[in-house]
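# Close look at the chain arrangement
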Amino acid sequence: MKWFLFLGLVAFSESLIMIPLQKIQPLREKLREKDLLRDFLETDPYYKIFKYFGIPQTADVSYEKLRNYLDLAYIGTISVGTPPQEFNVIFDTGSTDLWVPSIYCYSPACAHHNVFNPLQSSTFQFLGQPISLTYGTGSMKGFLVRDTVQVAGLAVVTQEFGLSIQEPGSFMNSAPFDGILGLAYPTISVHGTMPFFDNLWNQGLISQGLFAFYLTAQEDKGSVVMFGGVDPAYYKGELNWVPVTRPFFWQFTIDSISMNGKVIGCNGGCDTILDTGTSLVTGPHRSILNIQNLINAKHSYGGEYIMNCEAINTLPDIIFNINGIDYPMPASAYIRKEGKGICYSNFQATPGNLSQEIWILGDVFLRLYFSVFDRENNRIGLAPAA
């Protein structure tokens, strides 16, 4: 597939590991080009938020809800086993577990992706517990195993992860990634397995218990994820630190959202998640509808909102105040322009019947602000991206 470029190590030092990420065409655009998006969105319009809310568990299967990655845009490369087998994965701060497809997967989607062959790895160990990760358009089902996992040449030994044997539905056929490497807290891992980052840290492969993201709009270069340190060349000014309020996801508090000096959301503060695995900014239905009205976005099918492209040059910034610091989002960020000169709002509402009102700041926000995820001190660092 033309989306799969095997990306190598950009830089390595004793304290900092940098892994390049590739921005790919959002799946939303691919489906729109094939005239498939309308049916997809109308069938499952609220796909991103589902993974953050619990569902019943059985004794023999653990569940962690994932969204369907319709707009996900950044992938990097890892290797698994001895000798190493390469996979393109999402480095996702919105989930915890690592999984890749296996040769035992019988779903059509696995025929279009790299698959892991345990018979070719001398360090492979079978654990066998079943896992099931569900998302908006299907699910990944498989079993737990243990093997060596390498990132940028650093080998984490005895890493537990999932191998898929089933990836139902048609979505994964088009997905430009093989699997997912979760970077949220270990409290939400399946079967209590140790996440990849924790093993990277505990096995002494990095000197600091943190990682960072620099995301750009360039499709084939520039974006990186850093482990064990921070390169100040990727941001401007000083990092502003925000405490994590709930160590499951990377959750914190937004003090307010405003435009032209008037509060338009999060009046009095609201819970928020910083998520590299979500493209848009999502929030409670009423707040998002208010924002759509203020920016004159018109409702279309599947929850999308269409805009006049000229608004990119006329609309004011929307300000996210976080821990007393203003983080402006210009109209050029919250409006996206796709083919044929049509523009769309980068805000999306979550279902109105959810028990918890929560915002998610995805790649739309993260392309503006360099982000540091500090596990040692349970805090997030933000600074304008260089």
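Heads up: these notes are all about the structure in this document. Keep in mind that this is a model prediction, so the values were computed, not measured.

### Side note on the sheet that holds strand β18 (residues 270-274)
- Here six strands make up an open sheet; going across it, the order is β14-β15-β18-β27-β19-β26 and the pairing mixed. Looking at which strands have only one partner, the edges of the open sheet turn out to be β14 (246-247) and β26 (347-349).
- Strand direction decides the pairing type here: β14 and strand β15 (residues 250-254), joined by two bridges, are antiparallel. For R246, the partnering residue across the bridge sits in β15 and is Q251.

### Notes on helix α5 (residues 285-294)
- If you check which residues of α5 are buried, you get S287, I288, I291 and Q292. Looking straight down α5, one finds that the buried residues subtend no more than 140° of arc, so they occupy a single side. Of the exposed residues in α5, those oriented more than 90 degrees away from the buried face are R286 and N293.
- Positioned one or two residues after α5, N296 has a phi angle of 60°, which is positive.

### Regarding the pattern of salt bridges
- Inspection of the entire model under this criterion finds five salt bridges.
- The shortest N-O distance in the salt bridge between R375 and D198 comes to 2.7 Å. A residue pair is termed long-range when its members are at least 10 positions apart, and R375 in the loop between β28 (369-374) and β29 (379-384) and D198 in helix α4 (residues 196-202) qualify at 177 residues.
- According to the relative accessible area criterion, R375 is buried, its value standing at 12%.
- Through salt bridges with shared partners, a single network forms among E304, R336 and E338.

### As for the sheet that holds strand β21 (residues 305-307)
- Sheet architecture is open: four strands sit in the order β20-β21-β25-β24, paired in antiparallel fashion. The strands lining the two open edges of the sheet, one partner per strand, are β20 (298-299) and β24 (335-338).
- Looking at chain direction, β20 and β21 are connected through two bridges and run antiparallel. If you follow H299 over to β21, its bridge partner there is Y305.

Each value, and the rule that gives it
- Residues numbered from 1 in each chain as written.
- Predicted model: local features only at pLDDT ≥ 70, side-chain atom pairs only at ≥ 80, totals over all residues.
- Heavy atoms only, no water.
- Pairing = 2+ DSSP bridges.
- Helix = DSSP H or I, 4+ residues; strand = E, 2+ residues; numbered from the N terminus.
- Buried < 20%, exposed > 50% of the residue type's maximum accessible area, 1.4 Å probe, protein only.
- Arc of directions from axis to C-beta.
- Salt bridge = Lys/Arg side-chain N within 4 Å of Asp/Glu carboxyl O.

Nothing here speaks to function; it is all geometry.
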